[in-house]
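Examining the three-dimensional arrangement
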Amino acid sequence: MSAKRLSKLDAPKVLTNDEKVMAESDMIVSKTDLKGFITYANRTFMDFCGYSEDELLGANHNLIRHPDMPKIAFKLCWDLIQSKREFFGFVKNLRKDGGLYWVFAYITADIDTSGNIIGYSSFRRKPSKAGLDAITPIYKKLIEIEKSEGMLASEEFLNKFLSDNNTSYNELVTSLQLS
Ligand SMILES: Cc1cc2nc3c(=O)[nH]c(=O)nc-3n(C[C@H](O)[C@H](O)[C@H](O)COP(=O)(O)O)c2cc1C
């Protein structure tokens, strides 16, 4: 583990639109402790984000947080996984070189035989084009709301959008990924 625990404060400040696109056969895997500090990264994860294993182990997973991601997505994720439910979602990630990569993520708690959460795991596949086309303007709107009115307002917007469309968050994103 490198001496310094990297976090989003160490992420690149100059961002580009250079996108590394996942192949159908790629699977990006990482695991964290209870607080979101990385405990495992597979080779594909290192290839996509551009950080070495030494840099990733012990780093906060927010190291690769992209500013185009709305805060509410991560709140939803943590609320679900901390209550032992699964999170699915389209996530835009920031690479070490300032570029980006999109994933369709599945995140879940790792639970021991006594029922205690001992960490979290995430597995990511190539996101569907239909999913990215649909989610990109929604994330943009959520970020605008977060900037002007805060995260409570973006949560309300998202909940209204879901009830207007008669769906739940997980239902929406899994159906988008399969479309
Ligand atoms: C297992 C696991 C995997 C995660 N993977 C990512 C990821 O790939 N990209 C990301 O931005 N956040 C990921 N997160 C969420 C981060 O922990 C964090 O909540 C998010 O980056 C927002 O950070 P911030 O609230 O400090 O801005 C993951 C969390 C867990 C538990």
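The preceding data block contains the structure.
Keep in mind that this is a model prediction, so the values were computed, not measured. (Residues numbered from 1 in each chain as written. Predicted model: local features only at pLDDT ≥ 70, side-chain atom pairs only at ≥ 80, totals over all residues.)

1. Considerations on helix α5 (residues 151–164)
End to end, α5 covers 20 Å across 14 residues, agreeing with the expected 20 Å (1.5 Å per residue, within 8%). Downstream of α5 by a residue or two, Asn-166 has a phi angle that is positive, lying close to 55°. (Helix = DSSP H or I, 4+ residues; strand = E, 2+ residues; numbered from the N terminus. Expected span 1.5 Å × (residues − 1).)

2. Here's the deal with the packing of helix α4 (residues 129–149) against α5
Helix packing for two helices is described by the angle between their axes and how far apart those axes are. Across the interface, α4 lies against α5 with an axial gap of 7 Å and an inter-helix angle of 145°. Both α4 and α5 take part in a crossing whose hand is right-handed. Contact with α4, carried on its side by Lys-141, Leu-142, Ile-145, Glu-146 and Glu-149, involves Met-151, Ala-153, Ser-154, Phe-157 and Leu-158 of α5 and no other residues of that element. When grouped by side-chain class, the residues that make up the contact of α4 with α5 number six nonpolar, one polar and three charged. (Axes fitted to C-alpha atoms, helices over the stretch in contact; angles between N-to-C directions. Left-handed = near helix turned anticlockwise from the far one by under 90°. Contact = placed C-beta atoms within 7 Å. Nonpolar A, V, L, I, M, F, W, Y, C, P; charged D, E, K, R; others polar.)

3. Examining the site of the ligand
Taken together, 16 residues surround the ligand, and among them Gly-36, Asn-62, Arg-65, Tyr-120 and Ser-122 come closest. Taken together, the elements giving at least two residues each to the shell around the ligand come down to β1 (28–32), β3 (87–94) and β5 (117–125). Here the element with the most residues in the shell around the ligand is β5; it accounts for three residues. Of the residues belonging to the shell around the ligand, the class tally is six nonpolar, eight polar and two charged. (Near = placed C-beta within 6 Å.)

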